[in-house]
Amino acid sequence: MTEERITETRTPSGNTHTTHTVVTDDGHRSDGGARWGLLLLLAIAIIAAIVIFSQMSGAEVAKDNAVTDAANSVGDAAGEIGEAAQSAGDAVQESVAE
């Protein structure tokens, strides 16, 4: 951005003095503190996201393992019920046969 300033002053004796000033801002200002602060904030956000996602995946694995264990327990219980029904059927058949 370029800004041009012209200042005109008159002395008490009537002389005129003109000052011509050009201010150029080339955009290379040093705002290093703000830049470092934003980079630090971004790094913290990335680390937090990694930690959160890794904990979530661990929770998913634990949930999947719990469901698998429950399904195995139900299968084992069903097998035991089947064996008990078979034993009861055999006992009934033996008592009818006598």
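All values derive from a computational prediction rather than experimental measurement.

S.K.: Pulling in residues and values, what's your account of the overall build of the protein?
M.R.: Counting its secondary structure elements, the protein contains 1 helix and 2 strands. Shown N-terminal to C-terminal, the secondary structure of the protein runs as helices and strands in the order β-β-α. What you see for the protein is a C-alpha radius of gyration of 43 Å, clearly larger than the 13 Å of a compact globule of 98 residues, by over 25%. In terms of overall dimensions, the protein has C-alpha extents of about 145 × 20 × 20 Å along its principal axes. Taken over 98 residues, the protein has a buried fraction of 0%. The contacts of the protein with a sequence gap of at least 6 include a subset with a gap of at least 24, amounting to 3%. About 8,600 Å² of surface is accessible on the protein, with carbon and sulfur atoms providing 61% of the total.

S.K.: Explain the pairing of strand β2 (residues 16-24) residue by residue, including any values.
M.R.: A regular strand places its side chains on the two faces of the sheet in alternate fashion. Relative to β2, strand β1 (residues 2-10) is paired through 9 bridges, and the arrangement is antiparallel. Bridge pairing in β2 places Thr7 opposite Thr19. Hairpin connection between β1 and β2: a loop of 5 residues separates the two successive antiparallel strands, and Gly14 in this loop has a positive phi of roughly 100°.

S.K.: Could you give an account of the environment of Leu38, naming the residues involved and the relevant values?
M.R.: In this fold, Leu38 is placed in helix α1 (residues 32-97). The exposure class of Leu38 is exposed, given its relative accessible area of 59%.

S.K.: Describe the confidence of the model for the protein, and please don't skip the residues or the numbers.
M.R.: Note: predicted coordinates in regions of low pLDDT should not be interpreted at a detailed level. Residue-level pLDDT values for the protein average 82, and 91% of them are 70 or greater. Averaged pLDDT values for the elements of the protein fall to 82 in β1 and rise to 84 in α1.

S.K.: Please provide a residue-by-residue account of the environment of Arg5, values included.
M.R.: Note on placement: Arg5 falls in strand β1. Spatially, the C-alpha atoms of Arg5 and Val23 are 7.8 Å apart, while their sequence positions differ by 18 residues. Not counting residues within four places of it along the chain, the set of residues in contact with Arg5 comprises Thr19, His20, Thr21 and Val23.

S.K.: With reference to specific residues and values, describe the pattern of salt bridges.
M.R.: In the structure shown here, the tally under the stated rule is 1 salt bridge. Measuring nitrogen to oxygen at the nearest pair gives 3.4 Å for the salt bridge that ties Glu8 to Arg10. Looking at Arg10, the relative accessible area reads 63%, which means it is exposed.

Definitions and limits used
- Residue numbers run consecutively from 1 along every chain, following the written order of its sequence.
- The predicted nature of this model means local features are confined to residues of pLDDT at least 70 and side-chain atom pairs, given and counted, to a pLDDT of 80 or more, with totals for whole chains, interfaces and linings taken over all residues.
- Only hydrogens and water are set aside when side-chain values are computed; all heavy atoms of the structure are taken into account.
- In this description a helix means any DSSP run of H or I spanning at least four residues, a strand means any run of E spanning at least two, and both kinds are numbered starting from the N terminus.
- Only C-alpha atoms enter the radius of gyration, while the globule expectation follows 2.2 Å times N to the 0.38, with N the number of residues.
- Only protein chains enter the calculation, and the probe is 1.4 Å; a residue is then buried if its accessible area is under 20% of its type maximum, exposed if over 50%, and partly exposed in between.
- The contact rule is simple, with two residues in contact once any of their heavy atoms fall within 4.5 Å.
- Using the Shrake-Rupley algorithm and a 1.4 Å probe, accessible areas are obtained, with residue cover drawn only from the displayed protein chains.
- One bridge is not enough; two strands pair if DSSP finds at least two bridges between them.
- pLDDT measures how confident the predictor is about each residue, on a scale from 0 to 100.
- The term salt bridge refers to a side-chain nitrogen of Lys or Arg lying within 4 Å of a carboxyl oxygen of Asp or Glu.

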